[in-house]
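Read off the chains here:
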Amino acid sequence: MNERTKERHFHQAEHYWASGLYHQAIEAFKRVLATDPDDSDAHAYLSLCLMQTKRPHAAMVEAQLALRLDPMSVVAHLAMGTAALAKRQAAAAEKHLTQTIELDPMYVPGYLRLAALRAFQGDAKAQRELLDKAQSIDPENEAVLVELGELCLSQGDLFGARRWAEEALSINPEQLDAIVLMGHIALRDGRLEAAQEHMIWALQEDPTDTGALGLLSAIKARKNWFLGLWWRYNTWMNERGVQRMIVILIGAYIAYRVINQMLIASQLDDAANLVSYLWLGVCAYTWFGPALFQRSIDKELNKVTLADDF
Amino acid sequence: MTDATYHIIDEPRPGSLSKWATNPFWILLTLMLGGAWIGWCWFAFNAVAIGSATLKKEIAWMVGSMVAVAAAVLIIGAMLSQMGDASLGYWIIALPVLKIGAGYYVYVMQYRSFALYEYYGGTVRNGMFVTLLAFLSRGYVYDAIGQPFWQVVLM
């Protein structure tokens, strides 16, 4: 009875996972684990879902549990490597992702994550080699084609990026990441309307997709310099991780106070006031920027419709 | 929160105080505008209310920052005779840095639990009025504390 219930929940969870419905998949994997807390695969997939919903700490714990239960599990090593990469632990990510490929040299997700690690390390050549290897294993893997396209885009090769995105779309015309990639290519090309159409297309497929929402944000940022500035600032900060972000903010605060104190000591009260107002302005902007940005995106989401000729 | 009994480590476990939970953004703002004492107390209360997964860590950070601020005040006080007014102005920058730095770190920790708490449909109260009240009553609280040492540590 228990085994059958567990299997049912597992199939449901896998279905959600494959459809990219990560929140639903998390709940389904939790139901599997409520039935059998020692299911290594459920822990590993739960970890991968948690990574998709930006919960790296919990993902790491679940990956560790999965590995403890089955040290030879390919998915558990993949989950552990993915979580380590998210926590910027390059050595641990390297170890587990290499192990993933050693355990199963035909496992494409292993190559994809290792390629992501190489991207993190700034080694575009090794990243390309791993993606080529992944493509040679599974030439029709849409995720690999999109990754190849994204690599081209990051190198400014718009033609190459478009070619890979179109190839992914020729295999699956509903491939969300490829649609989003096409939107980014159009945006980089200065074709704002085309980017917007792709964004709408992607959001109509899945309004919660982080890639599609990212494209929407990028388009909004391009249209409005006030929000664009906040978007760039926020992206730059997020790339640094929480601890570094706090250090940067505290550093900026100390710099402001020291400059203010120096100006007061030099009896330049007007200049000190000006610096204080500027600081206040920056604070207000960073406090209210996210709320304004969210409002603007929500407004955009409410009027998502495709042009008749798209 | 869910019919499954499996509990993921970062998921909050709200208790009976959850009806008083608020967005930690308001608490951080209160810490800056109304004084550290109310920010520290409110962060601790909110952590209990939402059943934060990092409850102990958050409280430890709050207590630690209070101890650090008190220690910094004592050190600056002991060095007072050796430093001029000009350098004192720079040294006291350490106090708001300690308070806001720790407050921001706790905010980041608590916000993760809060986001999940909110996602699962937990009640959220608007903290704006408490923030305003703390800001407007700041002067009265400062006077009520009386002792300069505690005024510097708690405000």
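Conventions adopted
Residues numbered from 1 in each chain as written. Chains lettered and ligands numbered in written order. Predicted model: local features only at pLDDT ≥ 70, side-chain atom pairs only at ≥ 80, totals over all residues. Heavy atoms only, no water. Helix = DSSP H or I, 4+ residues; strand = E, 2+ residues; numbered from the N terminus. Buried < 20%, exposed > 50% of the residue type's maximum accessible area, 1.4 Å probe, protein only. Axes fitted to C-alpha atoms, helices over the stretch in contact; angles between N-to-C directions. Parallel < 35°, antiparallel > 145°, perpendicular 65-115°, else oblique. Left-handed = near helix turned anticlockwise from the far one by under 90°. Contact = heavy atoms within 4.5 Å. Nonpolar A, V, L, I, M, F, W, Y, C, P; charged D, E, K, R; others polar. Salt bridge = Lys/Arg side-chain N within 4 Å of Asp/Glu carboxyl O. Core = buried A, V, L, I, M, F, W, Y, C linked by side-chain atoms within 4.5 Å. Phe/Tyr/Trp six-rings, centres within 6.5 Å; stacked < 30°, edge-to-face > 60°. Buried area = accessible area lost by both parts, 1.4 Å probe. Polar contact = N/O pair within 3.5 Å; in protein donor to acceptor, adjacent residues only side chain to side chain. Patch = residues over 30% accessible without salt bridge, like charges linked within 9 Å, V, L, I, M, F, W, Y side chains within 5 Å. Areas by Shrake-Rupley, 256 points an atom, 1.4 Å probe, with all protein chains shown as cover. pLDDT = per-residue confidence, 0-100. Expected span 1.5 Å × (residues − 1).

### Examining the overall build of chain B
When you go through chain B residue by residue, the secondary structure sums to eight helices and zero strands. Across chain B, helices and strands are ordered from the amino to the carboxyl terminus as α-α-α-α-α-α-α-α. With the C-alpha coordinates aligned to their principal axes, the bounding extent of chain B is approximately 65 × 30 × 20 Å. With 155 residues in all, chain B has 45% of them scored as buried.

### Notes on the packing of helix 10 (residues 158-171) of chain A against helix 11 (residues 176-188) of chain A
All names here are of chain A. Closest axis-to-axis distance for the helix 10/helix 11 pair is 9 Å, and the angle between their directions is 155°. The pairing of helix 10 with helix 11 is recorded here as roughly antiparallel in orientation. Along this stretch, helix 10 crosses helix 11, giving a crossing that reads as left-handed. Here Leu-158, Ala-161, Arg-162, Ala-165, Glu-166, Ala-168 and Leu-169 of helix 10 come into contact with helix 11, specifically with Ala-178, Ile-179, Leu-181, Met-182, Ile-185 and Arg-188. Residues belonging to the contact of helix 10 with helix 11 are distributed by class as follows: ten nonpolar, no polar and three charged.

### Description of the pattern of salt bridges
In the structure shown here, the tally under the stated rule is eleven salt bridges over all chains. A salt bridge links B:Glu11 to A:Arg55; its shortest N-O distance comes to 3.8 Å. Remark: A:Arg55 occurs in the loop between helix 3 (40-52) and helix 4 (56-69) and B:Glu11 occurs in the segment before helix 1 (24-34); the pair is interchain, linking two chains. Overall, the relative accessible area of 10% leaves A:Arg55 in the buried class. Counted as one network, the salt bridges with shared partners bring together A:Glu27, A:Lys30, A:Arg55, B:Asp10 and B:Glu11.

### Some remarks on the nonpolar core
One finds A:Phe29, A:Leu46, A:Leu50, A:Ile185, A:Met199 and B:Ile8 to be the most contacted residues of the largest nonpolar core, which totals 84 residues. Non-local contacts of A:Leu50, meaning those with residues more than four positions away in its chain, are made with A:Ile26, A:Arg55, A:Ala58, A:Ala59, A:Glu62 and B:Ile8.

### A short note on the packing of aromatic side chains
Residue and element names in this part refer to chain A. As enumerated under the stated definition, the model contains 16 aromatic pairs over all chains in all. Considering the side-chain rings of Phe-10 and Phe-29, the 5.6 Å spacing of their centres and the 80° angle between planes classify their relative orientation as edge-to-face. Within this pair, whereas Phe-10 is found in helix 1 (residues 2-18), its partner Phe-29 is found in helix 2 (residues 22-35), the two being separated by 19 residues in sequence. As far as burial versus exposure is concerned, Phe-10 and Phe-29 are alike and both buried. Where Tyr-256 meets Trp-279, the ring centres are 4.9 Å apart and the plane angle is 0°; that geometry is what we call stacked.

### Some points on the side chain of A:His96
All names here are of chain A. Residue placement: His-96 occurs in helix 6 (residues 90-103). Take His-96: its relative accessible area is 8%, and that puts it in the buried class. Excluding residues that lie within four positions of it along the chain, His-96 makes contacts with Leu-67, His-77, Met-80 and Gly-81.

### Section: the interface of chain B and chain A
In this assembly, 28 residues from chain B lie in contact with 29 residues from chain A. Between chain B and chain A, a total of about 2,500 Å² is buried, with carbon and sulfur atoms accounting for 71% of that surface. Taken as a group, B:Tyr6, B:Ile8 and B:Tyr90 account for 25% of the area that chain B buries against chain A, more than any other trio of residues on that side. On the surface where chain B and chain A come into contact, there are three salt bridges. Applying the counting criterion to the chain B and chain A interface returns four residue pairs in polar contact (both at pLDDT 80 or more). Among the elements of the structure, helix 1, helix 4 (85-91) and helix 5 (94-119) of chain B are those that each provide at least two residues to the side of chain B that touches chain A. Among the elements that line the side of chain B that touches chain A, the one with the most residues is helix 5 of chain B, at ten residues.

### Observations regarding unusual backbone geometry
Residues and elements named next belong to chain A. Of note in this structure, Lys-54 is not a glycine but carries a positive phi near 60°. Relative to the helices and strands, Lys-54 resides in the loop between helix 3 and helix 4. Relative accessible area serves as the criterion here: at 65%, Lys-54 is assigned to the exposed category. Backbone geometry places Arg-88, a non-glycine residue, at a positive phi of 60°. If you trace the backbone, Arg-88 turns up in the loop between helix 5 (74-86) and helix 6.

### A closer look at a nonpolar patch on the surface
Residue and element names in this part refer to chain B. Together, Leu-17, Trp-20, Phe-45, Val-48, Ile-59, Val-63 and Val-67 make up an exposed nonpolar region whose accessible area comes to about 560 Å². Considering each element in turn, the nonpolar patch owes the most residues, three residues, to helix 3 (residues 55-79). Locating Val-67 in the fold gives a position in helix 3. Taking relative accessible area as the criterion, Val-67 reaches 52% and is therefore assigned exposed.

### Topic: the confidence of the model for chain B
Averaged over chain B, the pLDDT score is 91; the fraction of residues at 70 or greater is 97%. Here helix 4 of chain B stands out as the element of chain B with the lowest mean pLDDT, 83, in contrast to helix 2 (residues 36-50) of chain B, whose mean of 95 is the highest.

### Concerning helix 9 (residues 142-154) of chain A
Residue and element names in this part refer to chain A. The terminal C-alpha atoms of helix 9 lie 18 Å apart, and with 13 residues this matches the ideal 18 Å at 1.5 Å per residue to within 8%. Among all positions in helix 9, only Val-144, Leu-145, Val-146, Leu-148, Gly-149, Leu-151, Cys-152 and Leu-153 are buried. Buried positions along helix 9 lie against helix 7 (108-120), helix 8 (124-137), helix 10 and helix 11. Where helix 9 begins, one side-chain oxygen reaches toward the backbone nitrogen of Ala-143, 3.0 Å away; that side chain belongs to Asn-141. Directly beyond the C-terminal end of helix 9, a positive phi value near 80° is found at Gly-156.

### A closer look at the environment of A:Ala79
All names here are of chain A. Residue position: Ala-79 is located in helix 5. Relative accessible area serves as the criterion here: at 0%, Ala-79 is assigned to the buried category. Considered as a pair, Ala-79 and Ser-170 are 91 residues apart in the sequence and their alpha carbons are 30 Å apart. Discounting residues that sit within four places of it in the chain, Ala-79 has contacts with Ala-44, Ser-47, Leu-48 and Ala-63.

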